Amino acid sequence: EEGPAHYICYIDANDATLLMRKNEVMYEAPPLATTTVSGDVYTTSPFNTETNEKLKYLKVIDQNTLINYYTDNSGEVVLPINIGSQVRYKLEGLYSDVQTNGSTPDIYANLSASNAILFDNSNSTIQERTAYWAVNEVHGHFKNLFPTFTGLDSPMETNIDEAGSCNAFFAGTSINFYAEGNGCQATAKIPDVVYHEYGHAINNARYNSGSGMWNGA
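Residues numbered from 1 in each chain as written. Predicted model: local features only at pLDDT ≥ 70, side-chain atom pairs only at ≥ 80, totals over all residues. Heavy atoms only, no water.

K.L.:
Before we move on, can you summarise helix α2 (residues 191-206) with the specific residues and values?
P.N.:
The terminal C-alpha atoms of α2, which comprises 16 residues, lie 21 Å apart, in line with the 22 Å expected from a rise of 1.5 Å per residue. Of the residues making up α2, those classed as buried are Pro191, Val194, Glu197, Tyr198, His200, Ala201, Ile202 and Asn203. Next to the buried residues of α2 lie α1 (126-145), β12 (156-162), β13 (168-170) and β14 (174-178). (Helix = DSSP H or I, 4+ residues; strand = E, 2+ residues; numbered from the N terminus. Expected span 1.5 Å × (residues − 1). Buried < 20%, exposed > 50% of the residue type's maximum accessible area, 1.4 Å probe, protein only. Contact = heavy atoms within 4.5 Å.)

K.L.:
So what about the side chain of Asp62? Which residues, and what values?
P.N.:
Along the chain, Asp62 turns up in strand β5 (residues 58-62). It turns out Asp62 is buried and unbridged, and the closest side chain with the opposite charge, Arg88, is 12 Å from it. Aside from chain neighbours lying at most four places away, what touches Asp62 is Ile67, Tyr69, Ile81 and Gln86. (Lys, Arg positive; Asp, Glu negative; His and termini not counted. Salt bridge = Lys/Arg side-chain N within 4 Å of Asp/Glu carboxyl O.)

K.L.:
Give a description of the packing of α1 against α2 that names residues and reports values.
P.N.:
Interaxial distance between α1 and α2 falls to 9 Å at its minimum, and their mutual angle equals 45°. Taken together, α1 and α2 sit at an angle that is classed as oblique. Remark: the crossing between α1 and α2 carries right-handed chirality. Counting all contacts with α1, which are made through Thr130, Ala131, Trp133, Ala134, Val135, Glu137, Val138, His139 and Phe142, the residues of α2 involved are Pro191, Val194, Tyr195, Tyr198, Ile202 and Arg206. Partitioned by chemical class, the residues of the contact of α1 with α2 number 11 nonpolar, two polar and two charged. (Axes fitted to C-alpha atoms, helices over the stretch in contact; angles between N-to-C directions. Parallel < 35°, antiparallel > 145°, perpendicular 65-115°, else oblique. Left-handed = near helix turned anticlockwise from the far one by under 90°. Nonpolar A, V, L, I, M, F, W, Y, C, P; charged D, E, K, R; others polar.)

K.L.:
An account of the side chain of Ser165 is requested, with residue identities and associated values reported.
P.N.:
Residue position: Ser165 is located in the loop between β12 and β13. Using a relative accessible area of 19% as the deciding quantity, one classes Ser165 as buried. Of note is the side chain of Ser165, whose polar atom sits 2.7 Å from the side chain of Asn182. (Polar contact = N/O pair within 3.5 Å; in protein donor to acceptor, adjacent residues only side chain to side chain.)

Okay, here's the thing in structure tokens:
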């Protein structure tokens, strides 16, 4: 990729040899910026210490062009965007769209050559971050088993702190987790609960399209 061009060329009139070529278009390609996105999550349960984990497949939006980019499976993304541009990082990605009362946590930041974006308690709740992380974990496990199946290769609506307590449910196109109450933790803080509810989505998409297993509890 040489970029835009408008050439003036000088050619030998006798043998058509190119003597000189000059590009009249003056431009400078923007330097590439690298961003790593991570979040503080519970990888086992809220009774164990939270850890900082890379957030895979997370949406990154160039606010000038509104072009979407996504972190890779290491939580990194290379952005061909001018340094200093404003970028939006959303707790939404290729396989999960986290929402609390219809709102998705996000971070706005000006781009540097190297960037470390952290989702923590200043911009999101740990149940939001844990649910996003856990959905990507279970989706990745599923794809390892069924790499050619694409029925769940889209953002699963992941609703956090729904009215109620001590439970969670799958609703056809979304997984939903109750708020803290009645002696129970917010259920999105528990990865096993997230895996369970996403399991209903797997069962629904992979097996219930015809004969096969039906969703139970």
